[in-house]
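Coordinates in review
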Amino acid sequence: MTASAPTVVAVLGAGTMGAGIAQACAGAGCEVQLVDADPEALTRALATIEDSLQRLVRKGVLDEGSIERTLGNVHPADDLASAVAAADVVIEAVTEDLDVKRSLWQYLAAHARPGTLLASNTSSLSVTEIAGFGGDPESSCGLHFFNPVPLLPLVEVVRGEHTSDATVARAVEFVARIGKTPIVCHDTPGFIVNRLLMPYLNDAVHALAEGVTSAADLDAAMTLGANLPLGPLALADLIGLDVTLAAIEALHRETGDPRFRPAPLLRRYVRAGKLGRKSGEGFHRYAPREEGA
Ligand SMILES: NC(=O)c1ccc[n+]([C@@H]2O[C@H](COP(=O)([O-])OP(=O)(O)OC[C@H]3O[C@@H](n4cnc5c(N)ncnc54)[C@H](O)[C@@H]3O)[C@@H](O)[C@H]2O)c1
């Protein structure tokens, strides 16, 4: 990385998170190589980025010119090896599956230049374990972005057991440079936000199942009494009940702690296809195509 040349970032995985991460990096002037195993995912990601930029322009957050500038910095790449070899920073945001991540990180070990900052956006897997699949665990860390990336400022910088101090410092500097707020944490289940948020959302579902009150009143109580912008059931609907269930299951699996036992009602809703906003129904009902926060 030099002060004069733009930082080259390879974003691996062009799904929900990869598209948002690519947008954030490109918007900050990085040259982004966006890679996906599925060519259609790349096409969708470019459309998603353009749509998001247009919305931010309409809201007055960005100027008109930033659409072209940002899109001009995003380069769909079909050659993983050369995208990785050219990168100063690699951010892996592929499917949350240890086997998928293992083979990709082994590939990274063979193709990334020595000293390249290697990061995984995993939510629930161990950063130390993922970094161990690659060739350089000292230069590897977690960079946990939040969805939707263009709107949420936090990035958890996750220090694996072998991550060096220099890598943490580089990661913090990189995150700040792309306009996000880095907070460093250790590689423990759920990191910071999911460790605290998921048990809270899960507990709200337990409370609903216990018949404390209705879903609407439970959410209203927490917005009015705890001054939160959104009640927990509405927030779980926004995140997706399948994503919420997977996160609380991961905490339960990793720790064995009964505090993280998934609420049976949450599992029942997911099995019934009630996934929250994206399916039109969760703890609340939504009009078709209603947009997220
Ligand atoms: N969705 C969220 O709210 C969220 C939030 C924070 C972190 N994360 C993490 O981000 C990562 C991605 O999640 P997502 O929600 O964007 O998933 P997603 O399913 O939307 O996208 C994953 C993409 O990875 C691609 N992919 C799979 N294997 C690949 C390979 N070998 N090489 C290249 N591309 C490959 C898929 O084609 C897909 O486009 C996961 O680790 C997840 O835990 C997700």
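Quick look at the structure, then. (Residues numbered from 1 in each chain as written. Predicted model: local features only at pLDDT ≥ 70, side-chain atom pairs only at ≥ 80, totals over all residues. Heavy atoms only, no water.)

Digging into the overall build of the protein chain
When helices and strands are tallied, the protein chain shows 12 helices and eight strands. On the principal axes, the C-alpha backbone points of the protein chain span a range of 60 × 45 × 35 Å. When the 293 residues of the protein chain are sorted by exposure, 45% land in the buried category. When contacts within the protein chain are restricted to residue pairs at least 6 apart in sequence, long-range pairs at least 24 apart make up 65% of them. Surface summary for the protein chain: the accessible area is close to 14,000 Å², and the carbon and sulfur share equals 54%. If the 24 positive side-chain charges of the protein chain are averaged to one point and the 36 negative ones to another, these points end up 5 Å apart. (Helix = DSSP H or I, 4+ residues; strand = E, 2+ residues; numbered from the N terminus. Buried < 20%, exposed > 50% of the residue type's maximum accessible area, 1.4 Å probe, protein only. Contact = heavy atoms within 4.5 Å. Areas by Shrake-Rupley, 256 points an atom, 1.4 Å probe, with all protein chains shown as cover. Lys, Arg positive; Asp, Glu negative; His and termini not counted. Charge placed at Lys NZ, Arg CZ, Asp CG, Glu CD.)

Some points on the packing of aromatic side chains
Applying the stated criterion across every chain yields a total of one aromatic pair. The lysine or arginine in question, Lys274, covers the ring of Tyr269, its NZ or CZ lying 4.7 Å from the ring centre. (Phe/Tyr/Trp six-rings, centres within 6.5 Å; stacked < 30°, edge-to-face > 60°. Lys NZ or Arg CZ within 6 Å of the ring centre and 35° of its normal.)

A few points about helix H5 (residues 98–111)
The terminal C-alpha atoms of H5, which comprises 14 residues, lie 20 Å apart, in line with the 20 Å expected from a rise of 1.5 Å per residue. Turning to H5, its buried residues are Lys101, Leu104, Trp105 and Leu108. Here the buried residues of H5 occupy an arc of 100° about the axis, which is enough to place them on one side. Next to the buried residues of H5 lie strand E1 (8–12), helix H4 (80–85), strand E4 (89–92), strand E5 (117–120), helix H6 (127–133) and strand E6 (140–145). (Expected span 1.5 Å × (residues − 1). Arc of directions from axis to C-beta.)

A few points about the sheet that holds E1
Spatial strand order, E3-E2-E1-E4-E5-E6-E7-E8: eight strands in an open sheet with mixed pairing. Bordering the open sheet on either side are strand E3 (74–77) and strand E8 (181–186), each of which pairs with just one other strand. Sheet twist, expressed as the average angle between the axes of neighbouring strands with direction ignored, equals 25°. Bridging between E4 and E5 involves four bridges; their strand directions are parallel. Across the sheet, Ile91 pairs through a bridge with Ala119, a residue of E5. Together, E1, strand E2 (31–35), E3, E4 and E6 form the strand contacts of helix H1 (residues 16–27), whose direction differs from that of E2 by roughly 165°. Strands E2 and E3 of the sheet are contacted by helix H2 (residues 39–58), whose axis makes an angle of about 170° with E3. (Pairing = 2+ DSSP bridges. Axes fitted to C-alpha atoms, helices over the stretch in contact; angles between N-to-C directions.)

Observations concerning unusual backbone geometry
With an omega of 5°, the peptide bond between Asn147 and Pro148 qualifies as cis. Here Pro148 is to be found in the loop between E6 and strand E7 (154–159). Of note, Phe191 is a non-glycine position whose phi angle comes to about 50°, a positive value. Here Phe191 is to be found in the loop between E8 and helix H8 (193–209). Note on Phe191: relative accessible area 4%, which makes it buried. Residue Asn227 is not a glycine yet carries a positive backbone phi of 60°.

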